[in-house]
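Report on the structure
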Amino acid sequence: MRYEIRVAGAITDDLLHGGFPELESFVVAGQTVLVGRIVDEAHLYGLLARFQALGLRIVELRQRSD
C-alpha cells in the first residue's frame, strides 16, 4: 500500500535520507511530503516512531490509490 505523509516544515536532505531512505520526498506549501510503499502495520508504526523520535509533527497521513 502506498502512503502520503505530510510533515510540518521543511526537513533537511540529510535527515530525510538518514531517517526515511525508503520514502520519496518533496516540499510544498511549507510542508514536507513523503510518499512511498509501506508493507504492513509494523512498518507503518516503525515510521511513526521515527517521526516521533526526530521531533517531527505529522500534519496528515493517508493511503494513496496509485
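Above this text sits the structure in question.
Definitions and limits used
Per-chain numbering applies: the sequence of each chain, read as written, is numbered from 1 onward. Local features in a predicted model are, by the rule used here, given only for residues with pLDDT of at least 70; side-chain atom pairs are given and counted only at 80 or more, and totals for whole chains, interfaces and linings are based on all residues. Excluded from the side-chain calculation are hydrogens and water; included are all heavy atoms of the structure. The working definition used for a salt bridge is a side-chain nitrogen of Lys or Arg within 4 Å of a carboxyl oxygen of Asp or Glu. A run of DSSP states H or I qualifies as a helix once it reaches four residues; a run of E qualifies as a strand once it reaches two. Both are numbered from the N-terminal end. Buried, partly exposed and exposed residues are distinguished by accessible area as a fraction of the type maximum, computed with a 1.4 Å probe on protein chains only: under 20%, between the cut-offs, and over 50%, respectively.

1. Focus: the pattern of salt bridges
On inspection of all chains with the given rule, the structure shows 6 salt bridges. Of the charged contacts, one joins Arg 64 and Glu 4 as a salt bridge, the two residues approaching to 3.2 Å between their closest N and O atoms. Of the two residues, Arg 64 is situated in strand 4 (residues 58-64) and Glu 4 in strand 1 (residues 2-8); the sequence distance between them amounts to 60 residues. Judged by relative accessible area, which is 26%, Arg 64 ranks as partly exposed. With a shortest N-O distance of 2.9 Å, Arg 50 and Glu 22 are connected by a salt bridge. Here Arg 50 is found in helix 2 (residues 41-53), whereas its partner Glu 22 is found in the loop between helix 1 (13-19) and strand 2 (24-28), with 28 residues between them in sequence. When its relative accessible area of 27% is taken as the criterion, Arg 50 is described as partly exposed. Within the structure, one salt-bridge network assembled from shared partners comprises Glu 4, Arg 6, Glu 60, Arg 62 and Arg 64.

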